[in-house]
Amino acid sequence: MILIQVVLILAFAAIFVVALRSRSAHSVNAWKKIAFAVLMVILVVAVLAPNLVGVVAQALGVGRGTDLVLYLVSVTFAFYVVNQYLHAQEARNQLHQLARRIAIIEAQERYGMERLSVAESAKTTPAPEADA
Amino acid sequence: MEDVAFVVPVYNEETVIGSVIESVLETCPHVVCVNDGSSDASADRILEAGGYLVNHPINMGQGAALQTGIEFARLLPGVTRFVTFDADGQHRVEDAVRMLRVLDTTDVDIVLGSRFLGEAIGATRFKRLLLKAAVRFSNMTSGIRLTDAHNGLRVFNRHVADTLRITAPDMTHASEIIELIARNKYRFVEVAVTIDYSDYSVAKGQPAVNAVNIAVDTLLRKVSR
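It should be emphasised that the depicted structure is a prediction, and the values quoted were computed from it without experimental measurement.

To continue, consider the overall build of chain A. A tally of regular secondary structure across chain A gives five helices and zero strands. Tracing chain A from N to C terminus, the helices and strands come up as α-α-α-α-α.

Have a look at this one:
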């Protein structure tokens, strides 16, 4: 084995282990985990048998193997960006709802207003309406 | 006007917010000011002037501040009518009073201020053109026809206050409110209002290039729904 192959495969293995051992792994969609594992296998195969990538590229009509890899990386990156953007928006919405609740409770205390029961306070942040 | 609550989003407005609150208090006792993480003394000015202070622990944007203010105002006993009002002094209380009368005497749910039915004092020609373009864009994307898409002066009833749910935290909320009017089938009408473009409100207002952000966000909301 060439040194670069060893380095790359060790790097992939390390990323895989870190990703699966992270505490938040439970909340990650099962399909995403499977896709990630498949991606790792493909990467290892591509590193061990570089010619195979060229064959696949030829079969798909792409030409060179490096082009195929570049296209796949582009698609993966775009997917990653969109995914991260949606996650960030979701996290921001949750943060805002939490901060809003704090602001309202604090103001209610300042003006000696009655605190809401749980049922009533649920009304202050109605669930998003289902699309028609 | 015990049953009316003014909702005012406030972000770094220490020099003007006091006088805006005082002018509202002459006609309406409930002025809900949402201090959106200001770094100046806005919160102190609000308390001194006698507005309700609702303090965002962090800066969340004008749309988020409006939503917070509406949710707090709903909890004030006896409040059935709501006014959204800008903190920089560009709106006139008498316009709001006129709009409240329209809300009472017609069967609409929400009354929207329009500077193109009324006067825009001190607006540059470029600002006018940009706002007209915004209106055309809004009419195309939201499905309802208005003459002014980004006017902060609105008057609405309890039904709207209970069901409005603004999720766009930043300046895009104006377009989102119009989309919600269409989706929730609120009955609406536009009323001519006067906007005073003082040097202060122009300096505080959003830069024109922000129109790009609003357009992109609006289209993104369209495809994500």
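The subject of this paragraph is the overall build of chain B. Looking only at helices and strands, chain B features nine helices and seven strands. What you see for chain B is a C-alpha radius of gyration of 16 Å, in line with the 17 Å of a compact globule of 225 residues. By principal-axis analysis of the C-alpha atoms, chain B measures approximately 45 × 35 × 35 Å. Taking all 225 residues of chain B together, 45% fall into the buried category. Considering only residue pairs separated by 6 or more positions, chain B has 77% of its internal contacts joining residues 24 or more positions apart.

This part is about the domain arrangement of chain A. If you check the domain split of chain A, you get domain 1 (1-48) and domain 2 (63-114). Put simply, the middle of domain 1 of chain A and the middle of domain 2 of chain A, counted by C-alpha atoms, are 25 Å apart.

With 60 residues, the main nonpolar core has B:Phe6, B:Val7, B:Val8, B:Val31, B:Val32, B:Cys33 and B:Val54 as its most contacted residues. In contact with B:Val54, not counting residues within four places along its chain, are A:Ala103, A:Ile104, A:Ala107, B:Val32, B:Cys33, B:Val34, B:Thr68, B:Gly69 and B:Phe72.

Let us now look at the interface of chain B and chain A. On the side of chain A, 17 residues touch chain B, which itself brings 18 residues to the contact. Here the side of chain B that touches chain A takes five residues from helix H3 (residues 62-74) of chain B, the largest share from any one element. In terms of residue class, the side of chain B that touches chain A is built from 10 nonpolar, five polar and three charged.

Residue and element names in this part refer to chain A. This chain's UniProt record puts "transmembrane region" (unreviewed entry) on residues 34-56 and 68-86. When the span residues 34-56 is considered, its composition is 96% helix and 0% strand, and the gap between its end C-alpha atoms is 22 Å. As annotated, residues 68-86 has a helix share of 100% and a strand share of 0%, and its two end C-alpha atoms lie 27 Å apart.

Cut-off values and rules
- Residues numbered from 1 in each chain as written.
- Chains lettered and ligands numbered in written order.
- Predicted model: local features only at pLDDT ≥ 70, side-chain atom pairs only at ≥ 80, totals over all residues.
- Helix = DSSP H or I, 4+ residues; strand = E, 2+ residues; numbered from the N terminus.
- Rg over C-alpha atoms; globule rule 2.2 N^0.38 Å.
- Buried ≥ 20, exposed ≤ 12 C-beta atoms within 10 Å, placed from the backbone.
- Contact = placed C-beta atoms within 7 Å.
- Domains from an automatic or database assignment.
- Core = buried A, V, L, I, M, F, W, Y, C linked by C-beta atoms within 7 Å.
- Nonpolar A, V, L, I, M, F, W, Y, C, P; charged D, E, K, R; others polar.
- UniProt positions renumbered as here; feature names shortened; annotations may be inferred.

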